[in-house]
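# Commentary on secondary and tertiary structure
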Amino acid sequence: MRQTRHLQIHGRVQGVWFRDSMCREAERLGVTGWVRNRGDGTVEAVVQGEAAAVQAIIDWAHRGPPKAEVLRVEIDEAGGEFSGFEQRPSA
């Protein structure tokens, strides 16, 4: 069953290759959607795919790349349809 989730990732998540690393992880897992930096210092993402793959990228987001320090991840249901995974311009 396909799921779509909106993530707001808090902590030291900018300037640590979070977005690039998330793109690579999403590709590895077969997850579609997007990721971007926010002006408030968080990273925002929408992830879509099979339930197990979405859960796997959410689990990854709680850790992030090696230099990240994730404090918390807010997760909400989301909509939309995505054909790939992309980095979007900062908001």
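Residues numbered from 1 in each chain as written. Predicted model: local features only at pLDDT ≥ 70, side-chain atom pairs only at ≥ 80, totals over all residues. Heavy atoms only, no water.

## Points about the UniProt feature "domain: Acylphosphatase-like" (unreviewed entry) in the chain
- UniProt feature "domain: Acylphosphatase-like" (unreviewed entry): in the numbering of this structure it lies at residues 4–89.
- Secondary structure content for residues 4–89 is 27% helix and 41% strand, and the end C-alpha separation is 20 Å. (UniProt positions renumbered as here; feature names shortened; annotations may be inferred. Helix = DSSP H or I, 4+ residues; strand = E, 2+ residues; numbered from the N terminus.)

## Some words on the UniProt feature "active site" (unreviewed entry) in the chain
- With numbering aligned to this structure, UniProt lists the feature "active site" (unreviewed entry) at R19 and N37. The largest pairwise C-alpha distance within this set of annotated residues, which runs over 19 residues, is 7.8 Å, so the set is compact in three dimensions.
- Positionally, R19 belongs in helix α1 (residues 18–29).
- Overall, R19 belongs to the partly exposed group, its relative accessible area being 25%.
- Setting aside its immediate chain neighbours within four residues, R19 contacts V35, R36, N37, Q87, R88 and S90.
- Note on placement: N37 falls in strand β2 (residues 32–37).
- When its relative accessible area of 10% is taken as the criterion, N37 is described as buried. (Buried < 20%, exposed > 50% of the residue type's maximum accessible area, 1.4 Å probe, protein only. Contact = heavy atoms within 4.5 Å.)

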